[in-house]
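Chain and residue survey
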Amino acid sequence: MKLLAPSILSADFWRLGEQVNACVEGGADIIHFDVMDGHFVPNITFGPLLLESIKKHCPLPLDAHLMIEKPERYIPDFIRAGADMVSVHVENTPHLHRTLELIRSLGAKAGVVINPGTALSVLEEALHYVDFVLLMSVNPGFGGQKFIERSLQRLRRLKTMVESIKPEVIIEVDGGIKEENILEVARAGADILVVGSGIFGTEDVKAQTRKLKNLITSSEAS
Ligand code: DX5
Ligand code: ZN
């Protein structure tokens, strides 16, 4: 089952509730939250308070992608606020096993994120302790960037790694996914596809969500 996760980073925050509702009505499966602190990445976004507000009205699982320094400090807050999935970057989490165990001990799904310039081999041990891997296909920090082409080969190699080490691990791909390349990314092995500007940068969020969801569902048929 391929899942669509709209990233609200590119949403119109004046109409955020309305736009999240449009994603729900358009058939989205998960809502992706890009949490940034201006240190790990050169941008600042939002914290647990936003998830708390959305959680009250949104029936979908909330996916907190932590692009922050020392993420372990805030994991309890994000899970208390309603995060069902929490991912931390392998590049800035030296005590990765302990951090992943913390996420799981608090009842959320644990994910490890890997940047485009980081070798996949660093995931070998972590795969035993995660529910999902978040493969970045752009450099983290901003929406609307171009999909890094080598990400497709990385995705295929990651899929092989997962199948040989822990087949139940879910692969989520994040960054630069649009109508034009979403089928290719789905077919290359993505289980969850994150789309930000490819949904919120369009006129009709509900219709665009529905179109992308139909595309990834069709990728399973062919
Ligand atoms: C980038 C974020 C991505 C991004 C996706 O740091 O992790 O989730 O918002 O946005 P698009 O789909 O516009 O690349
Ligand atoms: Zn993200």
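Right above here is the structure, for reference.
Quick caveat, the model's predicted, so the values are computed rather than measured.

About the criteria used
- Residues numbered from 1 in each chain as written.
- Chains lettered and ligands numbered in written order.
- Predicted model: local features only at pLDDT ≥ 70, side-chain atom pairs only at ≥ 80, totals over all residues.
- Heavy atoms only, no water.
- 1 Å grid on protein atoms, 1.4 Å probe; cavity = no way out; pocket = protein on both sides within 12 Å on 5 of 7 lines; lining within 4 Å.
- Points joined across faces, edges and corners; volume = space filled by probe spheres on them.
- Helix = DSSP H or I, 4+ residues; strand = E, 2+ residues; numbered from the N terminus.
- Nonpolar A, V, L, I, M, F, W, Y, C, P; charged D, E, K, R; others polar.
- Phe/Tyr/Trp six-rings, centres within 6.5 Å; stacked < 30°, edge-to-face > 60°.
- Donors = N, O, S within 2.8 Å, 3.2 Å for Na, K, Ca; no water.
- Tetrahedral: all angles 85-135°; square planar, octahedral: opposite > 155°, others 65-115°.
- Buried < 20%, exposed > 50% of the residue type's maximum accessible area, 1.4 Å probe, protein only.
- Salt bridge = Lys/Arg side-chain N within 4 Å of Asp/Glu carboxyl O.
- Pairing = 2+ DSSP bridges.
- Axes fitted to C-alpha atoms, helices over the stretch in contact; angles between N-to-C directions.
- Contact = heavy atoms within 4.5 Å.
- Lys, Arg positive; Asp, Glu negative; His and termini not counted.
- Near = heavy atom within 4 Å.
- Polar contact = N/O pair within 3.5 Å; in protein donor to acceptor, adjacent residues only side chain to side chain.
- Areas by Shrake-Rupley, 256 points an atom, 1.4 Å probe, with all protein chains shown as cover.
- Sits in = over half its atoms within 2 Å of the grid points.

Turning next to empty space enclosed by the protein. Counted according to the given criterion, the structure contains 1 cavity of 30 Å³ or more. Considered as a void within the structure, the largest cavity measures approximately 220 Å³ in volume. Taken together, 25 residues make up the lining of the largest cavity; nearest its centre are Phe142, Gly143, Asp174, Gly175 and Gly176. Elements that contribute at least two residues to the lining of the largest cavity include exactly strand S2 (31-36), strand S3 (62-67), strand S8 (192-195) and helix H7 (197-200). Of the residues in the lining of the largest cavity, the class split is 10 nonpolar, 12 polar and 3 charged.

With that settled, the discussion passes to the packing of aromatic side chains. For the structure shown, the criterion picks out 2 aromatic pairs. Each member of the aromatic cluster is reached from another via a ring pair, and the members are Phe13, Phe33 and Phe46.

Bound to the zinc ion (ligand 2) on the protein side are His32 (NE2), Asp34 (OD), His65 (ND1) and Asp174 (OD), at distances that span 2.0 to 2.3 Å. Considering all 6 donor atoms around the zinc ion (ligand 2), the spread of angles at the metal, 69 to 172°, places the coordination shape in the octahedral class. Donor residues binding the zinc ion (ligand 2) come from one chain and are separated in sequence as H-x1-D-x30-H-x108-D. Here the residue His65 occupies a position in strand S3, and Asp174 occupies one in strand S7 (residues 170-174), the gap between them amounting to 109 residues. On the basis of relative accessible area, His65 is assigned to the buried category, the value being 0%.

Here the focus is the pattern of salt bridges. Considering all chains together, one arrives at 9 salt bridges under this definition. One salt bridge connects Lys213 with Asp29, and the closest N-O pair in it is separated by 2.7 Å. Taken as a pair, Lys213 in helix H8 (residues 205-221) and Asp29 in the loop between helix H1 (16-25) and S2 lie far apart in primary sequence, 184 residues in all. With respect to burial, Lys213 and Asp29 carry one shared label: buried.

This brings us to the pairing of S2. In terms of burial, S2 is a largely internal element, 6 of the 6 residues being buried. Of the two faces of S2, the one holding Ile31, Phe33 and Val35 and the one holding His32, Asp34 and Met36 are both buried throughout. Two strands pair when backbone bridges link them, and S2 and S3 are joined in this way by 6 bridges, in the parallel orientation. For Phe33, the partnering residue across the bridge sits in S3 and is Ala64.

Now for the sheet that holds strand S4 (residues 85-89). Taken together, 8 strands build an open sheet; the order of strands is S1-S8-S7-S6-S5-S4-S3-S2 and the sheet is parallel. Two strands close off the open sheet at either side, each with one partner strand: strand S1 (3-6) and S2. Neighbouring strand axes in the sheet, compared pairwise and without regard to direction, differ in orientation by 25° on average. Contacting S4 and strand S5 (109-114), helix H4 (residues 96-105) runs over the sheet at an angle of about 145° to S5.

A word on the side chain of Glu172. By secondary structure assignment, the location of Glu172 is in strand S7. There is no salt bridge for the buried Glu172, and the closest opposite charge comes from Lys109, which lies 13 Å off by N-O distance. Contact partners of Glu172, with chain neighbours within four places excluded, come to Ala5, His32, Asp63, Met85, Phe132, Val133, Leu134, Leu135, Ile192 and Val194.

Moving on to the site of ligand 1. Taken together, 20 residues are adjacent to ligand 1, and Gly141, Asp174, Gly176, Gly196 and Ser197 come closest. Between an oxygen atom of ligand 1 and a side-chain N or O atom of Ser7, the distance comes to 3.2 Å. Between ligand 1 and Asp174 there is a distance of 2.5 Å, counted from an oxygen atom to a side-chain nitrogen or oxygen. Taken by itself ligand 1 offers 380 Å² of open surface, and the protein chains cover 100% of this. More than half of the atoms belonging to ligand 1 lie within 2 Å of the grid points that define the largest cavity. Mapped onto the shell around ligand 1, the elements with two or more residues apiece are S2, S3 and S8. Looking at the shell around ligand 1 element by element, the count peaks at 3 residues for S2. Among the residues forming the shell around ligand 1, the class breakdown is 8 nonpolar, 10 polar and 2 charged.

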